[in-house]
Amino acid sequence: MRKKIVAGNWKMNLLFEEALKLASDLNGWIADNLPEAEVIIAPSAIYLQTILENIDEQYLKVASQDVSAYESGAYTGDISAKQLDSIGLDFSLVGHSERREYQKEDDDLLAKKLQQLFQNQLYPIFCVGEKLEEREANQHFEVIERQILNVLKQQAPENLSKLIIAYEPVWAIGTGKTATPAQAQEVHAHIRKVIETHFGSELAISTPILYGGSVNASNAEELFSQPDIDGGLVGGASLKLEDFTQIILAAK
Ligand SMILES: O=C(CO)COP(=O)(O)O
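Everything numeric here is computed off the predicted structure, so don't read it as measured data. (Residues numbered from 1 in each chain as written. Predicted model: local features only at pLDDT ≥ 70, side-chain atom pairs only at ≥ 80, totals over all residues. Heavy atoms only, no water.)

Concerning the environment of Ser 225
Reasoning step 1: With respect to the helices, strands and loops of the structure, Ser 225 is situated in the loop between helix H10 (220-224) and strand S8 (231-234).
Reasoning step 2: Taking the C-alpha atoms as reference points, Ser 225 and Ala 251, 26 residues apart in sequence, are found 7.6 Å from one another.
Reasoning step 3: Of the polar contacts made by the side chain of Ser 225, one reaches the backbone oxygen of Glu 222; its length is 2.9 Å. (Helix = DSSP H or I, 4+ residues; strand = E, 2+ residues; numbered from the N terminus. Polar contact = N/O pair within 3.5 Å; in protein donor to acceptor, adjacent residues only side chain to side chain.)

Structure (structure tokens):
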């Protein structure tokens, strides 16, 4: 059985004290309630180390929101997978649609980022998802298939067992417009099929696929109960302890 995962992407929100308090409160709540789901938070990079020092990774895991495509050297502003590993980090988001859109990240760059993470034994949470116009043109299956194959075909197959995928339809992010459980399930099943066809059934069965896009305390349970939805990648609702903990409890 795949473990349920609930990840909170804090994006460019919260000041230092707020981030530290939310992480500590969340860690305490998990220690008290021992939810079934594995919980991961992705704070801004400047807070990662302090947060790691103030939580217990037995309860709460921490991810970077991004990683460099390069190994080391003259890449001003970048943070390498090796540097993330050196502070004890185990996870990183890659290919979030906001980075694809605003930083113009393309599949080849994302493939290099995954390679860097794998080389340093980090787990990528690799984000895919179609834009509104692609969904309206009924191209969402092929867009997602292309996003997955262009990046995963450039990886050493033995590394793919560390992969976590997040399906985040761009039109559902921050809009309050969630994919229906049936719409999300249909895409998740398709992603699993694509993995099975190209990388084998063992990987298809074991890869966690999270749903992201306006997940909240009211819709999480129905989304997470779909057979191919293994939890969520939560934006806005992960910034409020009461909402995020409700979402965590919905993953069982
Ligand atoms: O982008 C997201 C998580 O990575 C989703 O954001 P929202 O939950 O705010 O829609």
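What to know about the environment of Phe 16
Reasoning step 1: Looking at where Phe 16 falls in the secondary structure, it is placed in helix H1 (residues 16-33).
Reasoning step 2: On the accessibility criterion, Phe 16 (33% relative accessible area) is partly exposed.
Reasoning step 3: Excluding residues within four positions of it along the chain, Phe 16 makes contact with Tyr 47 and Thr 50. (Buried < 20%, exposed > 50% of the residue type's maximum accessible area, 1.4 Å probe, protein only. Contact = heavy atoms within 4.5 Å.)

Regarding the packing of aromatic side chains
Reasoning step 1: On inspection of all chains with the given rule, the structure shows four aromatic pairs.
Reasoning step 2: Aromatic pair Phe 16 and Tyr 47: ring centres 5.7 Å apart, planes at 50°, arrangement tilted. Residue Phe 16 is found in helix H1, and its partner Tyr 47 is found in the loop between strand S2 (38-42) and helix H2 (48-54); the two are separated by 31 residues along the sequence.
Reasoning step 3: Residue class for Tyr 47 comes out buried when judged on its relative accessible area of 9%.
Reasoning step 4: Here Lys 153 stacks its cationic end above the ring of Phe 199, 5.9 Å away from the centre of that ring.
Reasoning step 5: When the ring centre of Tyr 123 is taken as origin, the NZ or CZ atom of Lys 162, which lies over that ring, is 4.5 Å away. (Phe/Tyr/Trp six-rings, centres within 6.5 Å; stacked < 30°, edge-to-face > 60°. Lys NZ or Arg CZ within 6 Å of the ring centre and 35° of its normal.)

Overview of the site of the ligand
Reasoning step 1: Close to the ligand lie 13 residues; Lys 11, His 96, Gly 174, Ser 214 and Gly 236 are nearest.
Reasoning step 2: Between the ligand and Asn 9, the relevant distance is 3.0 Å, taken from an oxygen atom to a side-chain nitrogen or oxygen of the residue.
Reasoning step 3: Within the side chain of His 96, a nitrogen or oxygen atom sits 2.8 Å from an oxygen atom of the ligand. (Near = heavy atom within 4 Å.)

Let's talk about unusual backbone geometry
Reasoning step 1: Its identity as a non-glycine residue notwithstanding, Asn 138 has a phi of 60°, on the positive side.
Reasoning step 2: Relative to the helices and strands, Asn 138 is located in the loop between helix H6 (132-136) and helix H7 (140-152).
Reasoning step 3: On the basis of relative accessibility, which here comes to 56%, the residue Asn 138 falls in the exposed class.
Reasoning step 4: Phi angles above zero are rare outside glycine, and Ser 214 is one such case at about 55°.
Reasoning step 5: Along the chain, Ser 214 falls in the loop between strand S7 (209-212) and H10.

A closer look at the nonpolar core
Reasoning step 1: By size, the foremost hydrophobic cluster in this structure holds 65 residues, and its most contacted members are Val 6, Ile 41, Ile 51, Phe 126, Ile 191, Tyr 211 and Phe 224.
Reasoning step 2: Here this core gets seven residues from one element, more than from any other, and that element is H1.
Reasoning step 3: Excluding anything up to four places from it in sequence, Phe 126 contacts Val 94, Arg 100, Leu 110, Leu 114, Gln 147, Ile 148, Val 151, Leu 152, Leu 163, Ile 164, Ile 165 and Ala 166.
Reasoning step 4: With 13 residues, the next largest nonpolar core counts Ile 5, Ile 125, Leu 210 and Leu 233 among its residues. (Core = buried A, V, L, I, M, F, W, Y, C linked by side-chain atoms within 4.5 Å.)

Topic: helix H8 (residues 181-199)
Reasoning step 1: Taking 1.5 Å per residue, 19 residues should reach 27 Å; H8 reaches 26 Å between its end C-alpha atoms and fits that length.
Reasoning step 2: Those residues of H8 lying buried are Pro 181, Ala 184, Gln 185, Val 187, His 188, His 190, Ile 191, Arg 192, Val 194 and Ile 195.
Reasoning step 3: At the exit of H8 stands Gly 200, carrying a positive phi of roughly 105°. (Expected span 1.5 Å × (residues − 1).)

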